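Residue strings, one per chain:
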Amino acid sequence: MISFLILYCLGCDNCQKNIFSIEEIKNFSVRKDGIPPSDGGLILFVNVGLKKLGVIQKSRLITLYNDSQYSKIYNNPYNFLFEALNQKILFDSKNILENGGFIINKDCILEKEYKEKGLNGILQKYFTMEGINFYLKKSDIDRTKKYTLLFFCFINKFKIREDEYIGLHIVSRPEK
């Protein structure tokens, strides 16, 4: 049996209010033009503990839902994603790792900078904009900083994909 703990967060910065609405969660599955997106590779962030993040692809998180006790607790994947992406489920790190994800510690210095300068300050300093997408300016940035920066985009509803061919993360503004 997969061990896991469901914990409603009390007092953590990202858990006091929902990041995503249930409608936004459902929109992960359908584009405005009605065509299903090829977003199984979307990079998502889930709660695995204080100052830690689980980084997992959308398709792998859905697999975790389907193959675990979560499907018995949540009556549909939308409710599961709603709780998971709003950081209200405390996942066992083992479950994330077994499903192709990984764990990082949040970079406290970047977190302080984000709180002081906001998302626009972070985007201007660390990202380059090309067309409608953003890319990290430095390809040699360490993993913790890279995924902490991407997490700030995530909690601001940006979609994040990794282009494995060119080795870059593509960050797209939320659809309006």
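Preceding this section is the structure that the text describes.
Every chain is numbered on its own, with residues counted from 1 as its sequence reads. This being a predicted model, a pLDDT of at least 70 is required before a residue's local features are given, and a value of 80 or more before pairs of side-chain atoms are given or counted; all residues contribute to the totals for chains, interfaces and linings. To obtain the side-chain values, all non-hydrogen atoms of the structure were used and water was disregarded.

As for helix H6 (residues 108-126)
Worth spelling out the cut-off: Helix and strand definitions here come from DSSP, where helices need a minimum of 4 consecutive H or I residues and strands a minimum of 2 consecutive E residues; each element is numbered from the N-terminal end. Between the first and last residue of a helix there are one fewer steps than residues, each counted as 1.5 Å, and that sum is the expected span. A residue's bend is the angle separating two fitted axes: one through the seven residues that end there, the other through the seven that start there. The cut-offs for exposure are 20% and 50% of the maximum accessible area for each residue type, with area from a 1.4 Å probe on protein chains only; residues under the lower value are buried, those over the upper are exposed, and the others partly exposed. A contact between two residues is defined here by any heavy atoms of the two lying within 4.5 Å. Between N or O atoms, a polar contact is any pair within 3.5 Å; within protein, one atom must be a potential hydrogen donor and the other a potential acceptor, and residues adjacent in sequence are included only when both atoms are from side chains.
For H6, which comprises 19 residues, the first-to-last C-alpha distance of 16 Å sits more than 12% below the rise-based estimate of 27 Å (1.5 Å per residue). A bend of about 110 degrees at Gly-118 is the largest found in H6. If you check which residues of H6 are buried, you get Leu-110, Glu-111, Glu-113, Tyr-114, Leu-119, Gly-121, Ile-122, Leu-123 and Tyr-126. Summarising the contacts, the buried residues of H6 are in contact with strand E4 (127-130), strand E5 (133-136) and helix H7 (143-154). The distance from a side-chain oxygen at the start of H6 to the backbone nitrogen of Ile-109 is 3.0 Å, and the residue carrying that oxygen is Asp-107.

Digging into the environment of Tyr-70
For Tyr-70, the location among the structural elements is in helix H3 (residues 70-73). You can call Tyr-70 buried: its relative accessible area is 0%.

What to know about the sheet that holds strand E7 (residues 168-172)
This is how it is decided: For two strands to be treated as a pair, DSSP must find at least two bridges joining them. To get an axis, a line is fitted to the C-alpha atoms, and for a helix only the part in contact is used. The angle between two axes follows their N-to-C directions and goes from 0 to 180 degrees.
The strand order across the open sheet formed by four strands is E4-E5-E7-E6, and the pairing between neighbours is antiparallel. Of all the strands in the sheet, just E4 and strand E6 (159-163) have a single pairing partner and so form its edges. If you compare each strand with its neighbour and ignore which way they point, the axes differ by 30 degrees on average. Relative to E5, E4 runs antiparallel, the two sharing four bridges. Directly across from Thr-128, in E5, lies its bridge partner Tyr-135. Contacts between H6 and the sheet are confined to E4 and E5, with E4 contributing the most and set at about 85 degrees to the helix. The strands that H7 touches are E4, E5, E6 and E7; relative to E7, the one it contacts most, it runs at about 15 degrees.

Overview of the pattern of salt bridges
Test applied: Definition used for salt bridges: Asp or Glu carboxyl oxygen within 4 Å of a side-chain nitrogen of Lys or Arg.
Under the defined criterion, the tally for this structure stands at six salt bridges. Glu-113 serves as the salt-bridge partner of Lys-125, at 3.2 Å between the closest nitrogen and oxygen. Residue Glu-113 is classed as buried on the basis of its relative accessible area of 9%.

So, the pairing of strand E1 (residues 43-49)
Looking down a regular strand, the side chains alternate between one sheet face and the other. For E1, a buried count of seven out of seven residues is recorded, marking the element as mostly surrounded by other parts of the structure. From the end of E1 to the start of strand E2 (residues 52-57), which pair antiparallel, there are two residues, and Lys-51 there has a positive phi angle of about 65 degrees.

A short note on H7
Over its twelve residues, H7 runs 16 Å from end to end, which matches the ideal 16 Å to within 8%, given 1.5 Å per residue. H7 sits mainly inside the fold: nine of its twelve residues count as buried. Inspection of H7 places Lys-146, Tyr-147, Thr-148, Leu-149, Leu-150, Phe-151, Phe-152, Cys-153 and Phe-154 among the buried residues, and these make up the whole buried set. Capping the start of H7, Asp-142 holds a side-chain oxygen 3.0 Å from the backbone nitrogen of Thr-144, two or three residues further along.

With respect to the packing of aromatic side chains
Any pair of aromatic rings gets described here by the distance separating the centres and the angle formed by the planes. Which entries qualify depends on this criterion: Only rings of Phe, Tyr and Trp enter the pairing, Trp through its six-membered ring, and a pair is recorded when the two centres are within 6.5 Å. The plane angle decides the type: under 30 degrees is stacked, over 60 is edge-to-face, the rest tilted.
Counting across every chain of the model gives 13 aromatic pairs. On the numbers, 5.5 Å between centres and 70 degrees between planes, the contact of Phe-45 with Phe-151 is edge-to-face. A residue pair is termed long-range when its members are at least 10 positions apart, and Phe-45 in strand E1 and Phe-151 in helix H7 qualify at 106 residues. Aromatic pair Phe-45 and Phe-154: ring centres 5.4 Å apart, planes at 50 degrees, arrangement tilted. Within this pair, whereas Phe-45 is found in strand E1, its partner Phe-154 is found in helix H7, the two being separated by 109 residues in sequence. Put simply, the rings of Phe-20, Phe-45, Tyr-114, Phe-151, Phe-152 and Phe-154 touch in pairs and so form one group of aromatic residues.

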